[in-house]
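Here is how the chains run, residue by residue.
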Amino acid sequence: MRSRSGSGRHSITIITHEDPIGRGPANYMIHADLSDRQDGWREQLWTRQLTEDRFEVTCLPFFTYGICHLDVVTIDSNHLVTSVVQKSGHRTLRIALAAEHQDRDQLHDLLHGKVVEAALPHEWLQGTYLSVDLPPGTDPAALAETLKAPAQAGALHWEIDA
């Protein structure tokens, strides 16, 4: 995450992707407004520009709901997402590890191994947040089963967004 000053009103915190799955030399950075959950927060989204005002999302959003890998979005003059104009059919499995949990490092390694074994594109943020791409037709049941016990123990929280 990084912060920068806003236009004199309040600071803006931008959540950046450390290693986006679709990183490329022609990527175009846009932002999704997260202020409905945390005032002044935005998530940086890596995209591929399709037309002057349409962009295909090439990363896996960590905190932005309703936008998944390869969805097409439009932006305003401030480069903020205004709408999703085409859904890709992908879903995003999001996992947040409890930073203070004693098994956090072991869970990180277990989850990393599971998504690599399943050959699912994924991104980590600060070693605590994991976003996993679920392409159309992907059954997340095996991953969900792996998450049940740690979630019940308070070691993580997870959700699937479409």
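In this report, we go over the structure that sits alongside the text. Note that the structure is predicted; figures quoted are calculated from it, not measured. (Residues numbered from 1 in each chain as written. Predicted model: local features only at pLDDT ≥ 70, side-chain atom pairs only at ≥ 80, totals over all residues. Heavy atoms only, no water.)

## Quick look at the nonpolar core
Where we set the bar: Joining through side-chain atoms within 4.5 Å is the link that ties buried Ala, Val, Leu, Ile, Met, Phe, Trp, Tyr and Cys residues into a set, and such a set is a nonpolar core. Note on classification: 1.4 Å probe, protein chains only; a residue is buried when its accessible area is under 20% of the maximum for its type, exposed when over 50%, partly exposed between these limits. A run of DSSP states H or I qualifies as a helix once it reaches four residues; a run of E qualifies as a strand once it reaches two. Both are numbered from the N-terminal end. Only heavy atoms matter for contacts: two residues are in contact if any of them lie within 4.5 Å across the pair.
Judged by nonpolar contacts, the single largest core of 15 residues is most densely connected at Leu-93, Ile-95, Leu-97, Leu-111, Leu-130, Val-132 and Leu-156. Mapped onto this core, the elements with two or more residues apiece are β8 (91-97), α1 (104-117), β10 (129-134) and α2 (141-152). Each residue touching Leu-130, except ones within four places of it in the same chain, is listed here: Phe-62, Leu-93, Arg-94, Ile-95, Leu-111, Val-115, His-122, Glu-123 and Trp-124. Grouped together as the second largest cluster of nonpolar side chains are eleven residues, Trp-46, Phe-55, Val-57 and Val-73 included.

## What about the sheet that holds β10?
What counts here: Strands are labelled as partners when DSSP assigns at least two bridges between them. Orientation is described by axes fitted as lines to C-alpha atoms, over the contacting stretch for helices, and by angles from 0 to 180 degrees between their N-to-C directions.
Spatially, β9-β10-β8-β11 is the arrangement adopted by the four strands of the open sheet, whose pairing is antiparallel. Strands at the two margins of the open sheet, each flanked by one partner only, are β9 (122-125) and β11 (156-161). Ignoring strand direction, the axes of neighbouring strands in this sheet form an average angle of 15°. When β8 meets β10, the two strands line up antiparallel, connected through six bridges. Paired with Thr-92 across the bridge in β10 is Asp-133. Each of β8 and β11 touches α2; the most contacted strand, β11, lies at about 145° to it.

## Some remarks on α1
Test applied: Here, expected helix span is obtained from the residue count minus one, scaled by 1.5 Å. Comment: arc refers to directions from the helix axis out to C-beta atoms.
The end-to-end C-alpha separation of α1 is 20 Å, in line with the 20 Å expected for 14 residues at 1.5 Å each. Within α1 the residues assigned to the buried category are Arg-104, Leu-107, Leu-111 and Val-115. Down the axis of α1, the smallest arc covering the buried residues is 60°, so these residues share one side. Residues of α1 that are exposed and point more than 90 degrees away from the buried face comprise Asp-105, Gln-106, Asp-109 and Glu-117. Looking at the buried side of α1, the elements it contacts are β8, β9, β10, α2 and β11. Downstream of α1 by a residue or two, Ala-119 has a phi angle that is positive, lying close to 55°.

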